[in-house]
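So the chains spell out like this:
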Amino acid sequence: ETGVTQTPRHLVMGMTNKKSLKCEQHLGHNAMYWYKQSAKKPLELMFVYNFKEQTENNSVPSRFSPECPNSSHLFLHLHTLQPEDSALYLCASSQENEFANTGELFFGEGSRLTVL
Amino acid sequence: AQKVTQAQTEISVVEKEDVTLDCVYETRDTTYYLFWYKQPPSGELVFLIRRNSFDEQNEISGRYSWNFQKSTSSFNFTITASQVVDSAVYFCALSVIQGAQKLVFGQGTRLTINP
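Keep in mind the model is a prediction, meaning the values are calculated, not measured.

**Student:** Sorry if this is basic, but what is going on with the state of the cysteines here?
**Tutor:** The bond known as a disulfide is covalent and runs between the sulfur atoms of two cysteines. Following the criterion strictly, the structure yields two disulfides over all chains and no others. There is a disulfide in this structure between Cys23(A) and Cys91(A), and the S-S distance comes to 1.9 Å. Residues Cys23(A) and Cys91(A) share a disulfide whose torsion about the S-S bond is about -75 degrees; that sign makes it left-handed. Of this pair, Cys23(A) sits in strand S3 (residues 18–25) while Cys91(A) is found in strand S9 (residues 87–94), placing the two residues 68 residues apart along the sequence. You'll find Cys23(A) and Cys91(A) in the same group, each marked buried. Disulfide partner of Cys23(B): Cys92(B), at an S-S distance of 1.9 Å. Measuring handedness by torsion sign, the sulfur bridge of Cys23(B) and Cys92(B) sits at about -65 degrees and is left-handed.

The structure is reproduced here in structure tokens:
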């Protein structure tokens, strides 16, 4: 069992549905991330939250909406997705400070999303 | 901008063979970290190693070893006496030390160890 848990592990949704992915970290970290892993493409950073504040939005379409209510929980709200959004969505966490990054991310097992 | 290239998309070897996974990176930053992560079939990426750009010493951990060469911007990963449990996708990644935490990943190398 990892220190970062993601639910659901698998999700199938239609293009008009609204759903959410959830991530919870049990490591006491202060930064959380969403990554997208598509077939034949490198992992893409989507969002970064540091101390609950969003510090990075990597040109992600507005149909993906992140929410970070506290330093342990991170959500990705999904609405009106496209079939090309089908991918593995990975959540990660890390402990950062203002002087330098530790560099090490702890990943969850991912949520496999299929958009029909 | 940073970029990581893993030219080997898939590698297949027989158990007990040695195998080297290549990683070439590009960055204009003088201080950075390099990483290797392993992604088993279960999906989560597992941290294997972090190397600071100031430290070019090679590292060995059991059957794993890493060769960092700044002159060629490479950070290669060798598994000695491979085992079936080593089968996974391996990612090389780069991150700058200062500023927002952003790992830039290579496309990954799928390693299959056949019994």
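**Student:** Can you help me understand the pattern of salt bridges in this one?
**Tutor:** Any two side chains of opposite charge can pair, given that their charged atoms come close. Residues and elements named next belong to chain B. Under the counting rule described, the total for this entry stands at six salt bridges over all chains. Here Asp86 makes a salt bridge to Arg63, at a shortest N to O gap of 2.8 Å. Here the residue Asp86 occupies a position in the loop between strand S9 (74–79) and strand S10 (88–96), and Arg63 occupies one in the loop between strand S7 (59–61) and strand S8 (64–69), the gap between them amounting to 23 residues. For Arg63, a relative accessible area of 25% translates into the label partly exposed. Taken together, the shared-partner salt bridges connect Arg51, Asp55 and Glu59 into one network.

**Student:** What should I look at first to understand the environment of Ser65(B) in this one?
**Tutor:** Residues and elements named next belong to chain B. Following the sequence through the fold, Ser65 ends up in strand S8. Sequence spacing of Ser65 and Phe35 is 30 residues, and the spatial spacing of their C-alpha atoms is 13 Å. If sequence neighbours within four positions are ignored, Ser65 has contacts with Glu59, Ile60, Asn76, Phe77 and Thr78.

**Student:** Got a minute to help me understand the sheet that holds strand S7 (residues 64–70) of chain A in this structure?
**Tutor:** Strand pairing within a sheet occurs via backbone hydrogen bonds; the two strands may be parallel or antiparallel. Residues and elements named next belong to chain A. A sheet is described by the order of its strands in space; here four strands give the open sequence S1-S3-S8-S7, paired in antiparallel fashion. Taken across any chain shown, the strands that pair with only one partner, and hence form the sheet edges, are strand S1 (4–7) and S7. Averaged over neighbouring strand pairs, the angle between their axes works out to 20 degrees when direction is ignored. Bridge count for S1 against S3 is four bridges, and the pairing is antiparallel.

**Student:** What is the right way to read the confidence of the model for chain B from this model?
**Tutor:** The predicted coordinates of low-pLDDT regions are not to be read in fine detail. Averaged over all residues, the pLDDT of chain B is 91; the fraction at 70 or higher stands at 96%. When mean pLDDT is compared element by element in chain B, strand S3 (residues 19–21) of chain B scores highest at 98, while S7(B) scores lowest at 87.

**Student:** Looking at this model, I keep getting lost on the nonpolar core. Mind explaining?
**Tutor:** Note on soluble globular proteins: their nonpolar side chains tend to be buried together. Counting 23 residues, the largest nonpolar core has Trp36(B), Phe75(B), Phe77(B) and Tyr90(B) as its most contacted members. Broken down by secondary-structure element, the contributors of at least two residues to this core are strand S2 (10–14), S3, strand S5 (32–39), S8, S9, S10 and strand S12 (109–114) of chain B. Of the residues forming this core, the biggest block, four residues, is contributed by S10(B). Setting aside residues no more than four positions away along its own chain, Phe77(B) makes contact with Val19(B), Thr20(B), Leu21(B), Trp36(B), Leu48(B), Tyr64(B), Ser65(B), Trp66(B) and Tyr90(B). Counting 22 residues, the second largest nonpolar core, distinct from the first, contains Val4(A), Leu21(A), Met46(A) and Tyr89(A).

**Student:** What should I look at first to understand the pairing of strand S5 (residues 44–50) of chain A in this one?
**Tutor:** Working note: regular strand, side chains alternate between the two faces of the sheet. Residue and element names in this part refer to chain A. Within S5, six of the seven residues are buried, which leaves the element mostly enclosed by the surrounding structure. Judged from the four bridges that link them, S5 and strand S6 (residues 53–57) form a sheet pairing that is antiparallel. Note that in S6 the partner of Asn50 across the bridge is Glu53.

Calculation criteria
Residues numbered from 1 in each chain as written. Chains lettered and ligands numbered in written order. Predicted model: local features only at pLDDT ≥ 70, side-chain atom pairs only at ≥ 80, totals over all residues. Heavy atoms only, no water. Disulfide = S-S within 2.5 Å. Helix = DSSP H or I, 4+ residues; strand = E, 2+ residues; numbered from the N terminus. Buried < 20%, exposed > 50% of the residue type's maximum accessible area, 1.4 Å probe, protein only. Salt bridge = Lys/Arg side-chain N within 4 Å of Asp/Glu carboxyl O. Contact = heavy atoms within 4.5 Å. Pairing = 2+ DSSP bridges. Axes fitted to C-alpha atoms, helices over the stretch in contact; angles between N-to-C directions. pLDDT = per-residue confidence, 0-100. Core = buried A, V, L, I, M, F, W, Y, C linked by side-chain atoms within 4.5 Å.

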